[in-house]
Amino acid sequence: MTKSSENVRRMVLCAMFTALVAVCSQIAVPMPWGVPINLALFAVYMAGTMLGPVWGTASQVVFIALAAIGVPVLANFQGGPSAIFGKTGGYAIGYILTALLTALLTKALGRKFWSLCVAMVVGCAACYVLGTIWFMILTGADLVSALGWCVLPYLPGDAVKIVLAAVLTMQLDKRLKGSLVGTPVVNTGILAVGTILASWMGTTGAAMLLIRPLLRANAHRKYRVHSVVFFIFLVANIGGSLTPLGDPPLFLGFLKGVSFFWTTVHLFCKTVLLSVILLGIFFLLDTFLFSKEGKPKPATQ
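Residues numbered from 1 in each chain as written. Predicted model: local features only at pLDDT ≥ 70, side-chain atom pairs only at ≥ 80, totals over all residues. Heavy atoms only, no water.

1. Regarding the overall build of the protein chain
Helix and strand counts for the protein chain come out as twelve helices and two strands. Seen in sequence order, the protein chain has helices and strands lined up from the N terminus as α-β-β-α-α-α-α-α-α-α-α-α-α-α. Taking 19 Å as the expected radius of gyration for a compact globule of 301 residues, we find that the protein chain reaches 21 Å, a close match to that expectation. Taking the principal axes of the C-alpha coordinates as reference, the protein chain spans close to 70 × 45 × 35 Å. (Helix = DSSP H or I, 4+ residues; strand = E, 2+ residues; numbered from the N terminus. Rg over C-alpha atoms; globule rule 2.2 N^0.38 Å.)

2. Quick look at the nonpolar core
Within soluble globular proteins, side chains that are nonpolar tend to cluster in buried spots. Membership of the largest hydrophobic core comes to 69 residues, with the highest contact counts inside it found for Phe63, Tyr95, Leu191, Met201 and Leu209. Considering every element that reaches this core, the biggest residue donor is helix H2 (residues 40-68), with 14 residues. Setting aside its immediate chain neighbours within four residues, Leu191 contacts Ser227, Phe230, Phe231, Leu234, Val235, Leu279 and Phe282. (Core = buried A, V, L, I, M, F, W, Y, C linked by side-chain atoms within 4.5 Å. Buried < 20%, exposed > 50% of the residue type's maximum accessible area, 1.4 Å probe, protein only. Contact = heavy atoms within 4.5 Å.)

3. Quick look at unusual backbone geometry
The phi dihedral of Lys295 falls on the positive side, at around 50°, and the residue is not glycine. You can see Lys295 is positioned in the segment after helix H12 (262-292). Using a relative accessible area of 54% as the deciding quantity, one classes Lys295 as exposed.

4. Considerations on helix H8 (residues 184-201)
In an α-helix, one turn spans 3.6 residues; hence positions three or four apart end up facing the same way. Between its first and last C-alpha, H8 extends 25 Å over 18 residues, near the 26 Å set by a 1.5 Å rise per residue. Listing the buried residues of H8 in full gives Pro184, Asn187, Thr188, Ile190, Leu191, Gly194, Thr195, Leu197, Ala198, Ser199 and Met201. Positive backbone phi, at 90°, marks Gly202, one or two positions downstream of H8. (Expected span 1.5 Å × (residues − 1).)

5. Focus: the packing of aromatic side chains
Geometry of an aromatic ring pair is reported as the spacing of the ring centres plus the angle between the planes. On inspection of all chains with the given rule, the structure shows nine aromatic pairs. Summarising the aromatic geometry, the rings of Phe251 and Phe254 are spaced 6.1 Å apart at their centres and angled 40° between planes, so their arrangement reads as tilted. Residue Phe251 and its partner Phe254 are both found in helix H11 (residues 248-255); the two are separated by three residues, about one turn of the helix. Residue classification places Phe254 among the buried positions, given a relative accessible area of 17%. Grouped by ring-pair contacts, the aromatic residues Phe77, Phe251, Phe254, Phe260 and Phe261 constitute a single cluster. (Phe/Tyr/Trp six-rings, centres within 6.5 Å; stacked < 30°, edge-to-face > 60°.)

6. Details of the state of the cysteines
Within the structure shown, the criterion is met by zero disulfides. Cys127 takes part in no disulfide bond, and the closest cysteine sulfur to it belongs to Cys124, at a distance of 6.6 Å. Cys127 gets classed as buried once you look at its relative accessible area, which sits at 3%. This cysteine, Cys150, is not joined by any disulfide, and Cys127 carries the nearest cysteine sulfur, 11 Å off. The class of Cys150 is buried, set by a relative accessible area of 0%. (Disulfide = S-S within 2.5 Å.)

7. Examining a nonpolar patch on the surface
Taken together, the side chains of Leu109, Phe113, Trp114, Val118, Val122, Val163 and Val167 present a nonpolar region at the surface, about 560 Å² in accessible area. Going through the elements one at a time, helix H5 (113-139) and helix H7 (155-176) are the ones with two or more residues in the nonpolar patch. Considering every element that reaches the nonpolar patch, the biggest residue donor is H5, with four residues. With respect to the helices and strands, Phe113 occurs in helix H5. (Patch = residues over 30% accessible without salt bridge, like charges linked within 9 Å, V, L, I, M, F, W, Y side chains within 5 Å. Areas by Shrake-Rupley, 256 points an atom, 1.4 Å probe, with all protein chains shown as cover. Salt bridge = Lys/Arg side-chain N within 4 Å of Asp/Glu carboxyl O.)

8. What about the confidence of the model for the protein chain?
Looking at the protein chain, pLDDT values average 88 and 93% of them are 70 or higher. Mean pLDDT across the elements of the protein chain ranges from a minimum in strand S1 (residues 28-29), with 68, to a maximum in helix H4 (residues 89-109), with 96. (pLDDT = per-residue confidence, 0-100.)

9. Re the pattern of salt bridges
Taken as a whole, this structure holds three salt bridges when the rule is applied. With a closest N to O distance of 3.3 Å, Asp158 and Lys161 form a salt bridge. One end of the pair, Asp158, and the other, Lys161, are both in helix H7, three residues apart, so they sit about a helical turn from each other. With relative accessibility at 10%, the residue Lys161 sits in the buried group. We note a salt bridge from Asp286 to Arg221, for which the minimum N-O separation is 2.8 Å.

In structure tokens:
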């Protein structure tokens, strides 16, 4: 892989983790004092361990920039300057420090379970320090009250997120050393993942991220043109129909005042139905062609 293509891959992965943090931010439980319990930090940890210091940090800078301009990527679909610079905004801005410190310490300590946990704990602590100081300045709360509202209730959940992120990082390290084999199940899975990602990182970004793995996985197959055709239908078109992040014309509509989730509300069922139908047709077609080829395996296997 050339340096330029590697940079493109990193940029696409950066966009993917930005989208992942946005999605995980919505898996949230609101709290009375304004700081929700959500899975955002889990995604931030993963960005740091999987992308490294530069691109992991960049993914969070992009996330904060999107929130600052009004894209509702924060918990409970909040966005805009008031959300970023409000009393709990320091915790969101702290994601940048969390990704950076997690990545740097992972690089320094190695990728064993204990070292990953240490790196994430330090990154989490940095986020809490910045967010708590920010909260105290804007609300006038004392340290004990701020810790009781914004830190202590979240620590058990943070411990679980750190353990899960460390385990997932180690499992991904093992899996990514291998290579995908283009069976009907794998191919359908790639198309399904791309379809889901397209609305959050753009059809172009999702296509750039997954087209090479799809082509490499099917290099040993005789019949593979249909995979690219369905990839274009699902990942490069239909998948981007649910948010303005998915397709440039939708983003222009958002800039003109159309609600961010207008297409999500009005097209969700239609998009899911069409995607499931096409994925089902693809799976049946690919299974038939795979059997017709004699269920081939790559030469290295």
